[in-house]
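Read off the chains here:
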Amino acid sequence: MKKIIIALLLVLSLSLCLAALAEETKTLTAPTDFVFDPMTGEYSFNAVDENVSYYFIRFFEVKDGQISGEYISSSKRIRGGKTGTISGKISLDDVAWGNYAVSLNSFAAAGSDYVSPDPVNIFANYGVGLPLERPEMLAMVSGNEVQFVIDWWTLDNYMYYEYLPLAKITFYADEACTQEVYSDTVDLALLKNTLRKNPPGIEEIWGYTMTGGKHLYIHQGTEVIGGPVGSLSSDIYFCFDLYTYSTTSMGIPAGTYYVTLQALSKDDFVLDSQVTPAITITLTDEEPVAEYEMAATELWHEPGQMDMPGVNPGLQTDRVDFALNQPTVGQLAE
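Residues numbered from 1 in each chain as written. Predicted model: local features only at pLDDT ≥ 70, side-chain atom pairs only at ≥ 80, totals over all residues. Heavy atoms only, no water.

Even after reading the chapter, I still don't get the sheet that holds strand E2 (residues 42-47), so can you show me in this structure?
Within a beta sheet, neighbouring strands are joined by backbone hydrogen bonds and run either parallel or antiparallel to one another. A sheet is described by the order of its strands in space; here three strands give the open sequence E1-E2-E6, paired in antiparallel fashion. With one partner strand each, in any of the chains shown, strand E1 (32-36) and strand E6 (84-89) form the two edges of the open sheet. Adjacent strand axes in the sheet meet at a mean angle of 10 degrees, parallel and antiparallel pairs treated alike. Alignment of E2 against E6, held across six bridges, turns out to be antiparallel. Each residue of the ladder has a partner; that of glutamate 42, found in E6, is lysine 89. (Pairing = 2+ DSSP bridges. Helix = DSSP H or I, 4+ residues; strand = E, 2+ residues; numbered from the N terminus. Axes fitted to C-alpha atoms, helices over the stretch in contact; angles between N-to-C directions.)

Just to check I follow, could you spell out the pairing of strand E7 (residues 98-107) for this structure?
Most of E7 is tucked away: eight of the 10 residues are buried. Here eight bridges tie strand E3 (residues 54-63) to E7, and the two strands are oriented antiparallel to one another. Paired with phenylalanine 60 across the two strands is alanine 101, which belongs to E7. For E7 and strand E8 (residues 120-126), the ladder comprises seven bridges, and the chain directions are antiparallel. In the sheet register, leucine 104 faces E8, and the bridge partner there is valine 120. (Buried < 20%, exposed > 50% of the residue type's maximum accessible area, 1.4 Å probe, protein only.)

When you look at the side chain of serine 103 in this model, what are you seeing that I'm missing?
Summarising the element assignment, serine 103 is placed in strand E7. Within the structure, the side chain of serine 103 is placed 2.3 Å from the side chain of asparagine 121, a separation counted as a polar contact. If near-sequence neighbours (up to four positions away) are discounted, serine 103 is found in contact with Phe56, Ile57, Arg58, Phe60, Pro119, Val120 and Asn121. (Polar contact = N/O pair within 3.5 Å; in protein donor to acceptor, adjacent residues only side chain to side chain. Contact = heavy atoms within 4.5 Å.)

Which parts of the structure should I look at to understand the packing of aromatic side chains?
Note on aromatic pairs: each is described by the distance of the centres and the angle between the planes. Applying the stated criterion across every chain, the model contains 15 aromatic pairs. With 5.1 Å between their ring centres and 10 degrees between their planes, tyrosine 54 and phenylalanine 107 make a pair best called stacked. Of this pair, tyrosine 54 sits in strand E3 while phenylalanine 107 sits in strand E7, placing them 53 residues apart in sequence. The exposure class assigned to tyrosine 54 is buried, which follows from its relative accessible area of 17%. Ring pairing ties together the aromatic residues Phe36, Phe59, Tyr100 and Tyr126, which thus form one cluster. The ring of tyrosine 54 has arginine 77 sitting right over it, with the charged end atom 3.7 Å from the ring centre. (Phe/Tyr/Trp six-rings, centres within 6.5 Å; stacked < 30°, edge-to-face > 60°. Lys NZ or Arg CZ within 6 Å of the ring centre and 35° of its normal.)

Would you mind going over the side chain of serine 106 with me for this structure?
Along the chain, serine 106 falls in strand E7. On the basis of relative accessible area, serine 106 is assigned to the buried category, the value being 4%. Those residues within four positions of serine 106 in sequence are excluded, and the remaining contacts are Pro31, Val52, Tyr54, Tyr55, Ser116 and Pro117.

For this particular structure, what's the right way to read the pattern of salt bridges?
Oppositely charged side chains are able to pair whenever their charged atoms sit close together. Applying the stated criterion across every chain, the model contains seven salt bridges. Glutamate 204 is paired through a salt bridge with lysine 197; the nearest N and O atoms lie 2.3 Å apart. Note that aspartate 318 and arginine 319 form a salt bridge whose closest N and O atoms lie 3.6 Å from each other. Each member of the salt-bridge network shares a partner with another, and the members are Arg134, Glu136 and Glu298. (Salt bridge = Lys/Arg side-chain N within 4 Å of Asp/Glu carboxyl O.)

See below:
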């Protein structure tokens, strides 16, 4: 009896192994010889398994050496069902600057017993050798405090055509901007979580409130001293895209300062932006009050206005190193 049980266990074990092997053989074979031109979008690969139903070539962001889980751009469906060389061209219009895994993905037909193989990846960089668009900003000064708003049009251009970089705000004691007294670098990518569309796909809003708060941009019915030309029709309180500094937080005395802004690249293949001409501000020893003086960099432009303030990319064409005018420069990563 014991021998029979052992024999049955051996048969069962062998059956499980054969079943596992059969299951393993149903995994589709990934294509070989994947070639991609990062400048033109042309591709080719060798299809070796006629059971692959279709393919996609997709772009995934690479951050800190890790491939993100959600693709940001995709080819159209590439028909399978055959072997041999498959070639074509995909649009690069939706590919912004940064590091990407260009993934060739193979898919089984719906309802089949086949399993898709792992993607075949080629790594590419975009924005190689190009400068970031120069950012613009608004300064709001009251007493010993200044608050900066990064131009919404700048932010949209970064997100759609380049990427949200670091931003360096620098205070100088002299008009020639040679005596730096304070600087701070912030990550504009954090603002991506505050972006919302209104309505979806029409205009984008980077964080504000219409219901009141400390950071009033336009005082309805009240003259704003030194404000930019034009005004929105409603009270606008910026709430996320707002960077606040005071003489106390910076450890500097009251006085007149000259402030510049520069976008800093996160990659060694993308160049930093040009530095803005300085904004002149005067800080006092007094605590801030509800009204304040305003100044802006030369190409600052306030948000548009529908039922609420918003922007769309590519509309402020006078920008220094305007993002939409930058060419597509891609390079395979080493």
